[in-house]
Amino acid sequence: MTERLKTTDGLPNDVRVPGYRRDDHGAGIVHIGLGAFHRAHQAAYTDDALAAAGGDWRITGVSLRSDAPAQELGPQNGLYTLIERDASGSRARVIGALAAAHCLRTDRDAVTAALLSDATRIVTITVTEKGYGLDRASGGVDPAHPAIAHDLDKPSRPQGLAGLLVWALGQRRRLGRKPFTVLCCDNLPENGKVLRGLLVDFARRAVPDLADHIAEDVAFPSTMVDRITPAATQSTRDLAEDLTGRRDAAAIETEGFHQWVIEDHFPTGRPGWEAGGAIFTTDVRPYEEMKLRMLNGAHSMLAYAGFAAGHRYVRDVMADPALSRLVTRHLRAASATFTPLEGVDFAAYADQLAERFRNPHLAHETFQIAMDGSEKMPQRVFSAIPDARAGGGDLRAFAFATAAWLRHLSQSTHDCAPYELRDPRAGDLSDMAQGKPASAIIAAIRASALVSRQVARDDGFWDEVNPILHDMLTRPMTDVIGAEAA
Ligand code: CS2
């Protein structure tokens with residue numbers, strides 16, 4: 001049987017290995033959320049930073065619930081293969097930035113030791129939109145979110161992100177240790193500001209004397225992160241084995257493209273992430289908005305419409321001429337909602353996105369992107385509506401994307417196989433949409449907290465959604481898409 005990846009000794013010459021001696025660098029970052037995206041993005045940038053600029057910046061990886069990442073990475077000394085796939089081929093690189101991997105649920109002591117260590121200066125986070133327990137309307141915590149509810153009740157034994165960070169910041173203050181910088185790397189607008197609001201609100205409710213400390217003494221830079229990274233499958237692991245000659249339970253595949261725009265506010269220091277191509281700036285917001293509304297907005301639209309039309313992967317959607325035209329239309333409509341951004345050509349960005357979506361080597365499932373829509377649609381699609389309205393722009397693309405999402409919620413299976421609705425609010429959303437006519441679904445969504453008051457009141461917009469949704473619920477999806485793109 002093939003040997004397991006444990007060291008970089010003896011790997012084929014074309015496999016890129018860490019350009020530094022791992023043991024020479026201590027850990028300085030704790031990362032929470034040890035999924036595919038972190039391994040393809042921040043860990044790769046940190047690998048480049050360690051090689052170019054050095055420092056004690058290796059990463060202690062933490063998952064909150066699943067012990068699978070620790071089980072996969074532990075026996076490999078934290079090493080894993082990152083396969084970059086695009087038109088120029090498939091390149092394997094072994095990432096050495098992870099110093100250890102732990103699971104909070106099964107190894108709390110190791111996690112708390114890392115969070116309280118003097119050496120820890122930054123905590124980075126990728127727990128996906130639903131992991132925060134954010135109440136959008138107030139900007140504070142959602143007390144009904146299971147981890148928030150648990151941690152408000154037992155703040156000294158937290159299970160969720162907000163509870164864990166507040167607890168760790170409190171312990172550090174008690175021990176006289178500097179607070180770490182908190183770096184949110186999820187697809188939320190103004191993600192640093194959002195995370196600060198979340199933690200301050202959690203602290204106010206659970207440990208009030210910590211709230212001002214968190215608001216005033218902890219840095220929360222905002223970031224825009226980008227790299228299309230499908231969930232790893234057995235074929236990812238097989239490809240890693242082909243390319244490296246080692247078995248690797250933690251291998252990840254991703255595209256060649258990557259982008260990271262970071263607000264440069266790190267009072268506790270930071271790795272030289274520029275070595276990996278990171279861009280440091282004073283205001284991330286316009287980049288974040290551009291990426292959320294263009295890449296992620298078009299992604300959500302094509303995922304809902306494409307899944308319903310029987311396309312398994314994003315690349316299949318892009319090979320469908322009608323849908324690919326709708327993707328172009330969506331990208332154009334989203335870009336029309338922005339004020340110009342210096343040095344950024346929105347049309348060129350849109351072309352580049354379409355090219356990335358077409359990547360024939362990435363098996364990115366529409367069903368994966370379709371997950372958690374209630375956590376994604378507000379910043380990807382709904383936020384663009386008032387700007388499109390104000391600019392006198394066309395709302396049709398956003399109406400179509402909204403209708404496609406609502407059709408997905410209805411789980412109407414008149415022209416496709418039954419599927420599970422994966423969303424933290426699946427129960428409520430199914431009640432609102434399953435088996436209901438278009439007008440009832442729309443009325444329920446407008447009355448929910450998922451759309452802002454301004455969007456809820458926009459009669460013209462919903463009048464445009466209604467007939468599209470009605471068609472989607474009653475006619476074959478491919479016909480609706482064909483007519484829309486004609
Ligand atoms: C995708 C993102 O799954 C999704 O919702 O839209 O994960 C997307 O691939 C990344 O944001 C790309 O950077």
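Scroll up a little and you will see the structure.
Quantities reported herein were computed from a predicted structural model and do not represent experimental measurements.

Some points on helix H17 (residues 396–410)
Between its first and last C-alpha, H17 extends 21 Å over 15 residues, near the 21 Å set by a 1.5 Å rise per residue. Among the 15 residues that make up H17, 14 are buried, leaving the element largely enclosed by the rest of the structure. One or two residues past the end of H17 sits Gln 411, with phi positive at roughly 50 degrees.

A word on the site of the ligand
All residues adjacent to the ligand are Asn 187, Asp 226, Arg 227, Ile 228, Lys 291, Leu 295, Asn 296, His 299, His 364, Ile 369, Lys 376 and Arg 380. Separating an oxygen atom of the ligand from a side-chain N or O atom of Asn 187 is a distance of 2.9 Å. One of the side-chain N or O atoms of Asp 226 is found 2.6 Å from an oxygen atom in the ligand. Surface burial for the ligand is 88%, taken as the share of its 340 Å² of free accessible area covered by protein chains. Mapped by element, the contributors of at least two residues to the shell around the ligand are helix H10 (285–308) and helix H15 (373–382). The greatest single-element share of the shell around the ligand, amounting to four residues, is contributed by H10. Class assignment of the residues belonging to the shell around the ligand gives a composition of three nonpolar, four polar and five charged.

A few points about the packing of helix H19 (residues 438–446) against helix H21 (residues 459–474)
Across the interface, H19 lies against H21 with an axial gap of 9 Å and an inter-helix angle of 135 degrees. Compared by their axis directions, H19 and H21 come out oblique. Like other packed secondary-structure pairs, H19 and H21 cross with a definite hand, here right-handed. Facing Ala 438, Ser 439, Ile 441, Ile 442, Ile 445 and Arg 446 of H19, the residues of H21 in contact are Asp 459, Trp 462, Val 465, Asn 466, Leu 469, His 470 and Leu 473. Taken together, the residues of the contact of H19 with H21 sort by class into eight nonpolar, three polar and two charged.

Details of the packing of aromatic side chains
Per the counting criterion, the structure on display carries eight aromatic pairs. Taking the centre distance of 5.1 Å and the plane angle of 65 degrees together, the rings of Tyr 45 and Trp 260 count as edge-to-face. Note that Tyr 45 is positioned in helix H2 (residues 42–53) and Trp 260 in strand E10 (residues 259–263), a separation of 215 residues in sequence. By relative accessible area, Tyr 45 is classed as buried at 2%. The side chain of Arg 270 reaches across the aromatic face of Phe 280, ending 3.6 Å from its centre. A cation sits over an aromatic face here: Arg 315 above Tyr 313, 4.7 Å from the ring centre.

Conventions used here
Residues numbered from 1 in each chain as written. Predicted model: local features only at pLDDT ≥ 70, side-chain atom pairs only at ≥ 80, totals over all residues. Heavy atoms only, no water. Helix = DSSP H or I, 4+ residues; strand = E, 2+ residues; numbered from the N terminus. Expected span 1.5 Å × (residues − 1). Buried < 20%, exposed > 50% of the residue type's maximum accessible area, 1.4 Å probe, protein only. Near = heavy atom within 4 Å. Polar contact = N/O pair within 3.5 Å; in protein donor to acceptor, adjacent residues only side chain to side chain. Areas by Shrake-Rupley, 256 points an atom, 1.4 Å probe, with all protein chains shown as cover. Nonpolar A, V, L, I, M, F, W, Y, C, P; charged D, E, K, R; others polar. Axes fitted to C-alpha atoms, helices over the stretch in contact; angles between N-to-C directions. Parallel < 35°, antiparallel > 145°, perpendicular 65-115°, else oblique. Left-handed = near helix turned anticlockwise from the far one by under 90°. Contact = heavy atoms within 4.5 Å. Phe/Tyr/Trp six-rings, centres within 6.5 Å; stacked < 30°, edge-to-face > 60°. Lys NZ or Arg CZ within 6 Å of the ring centre and 35° of its normal.

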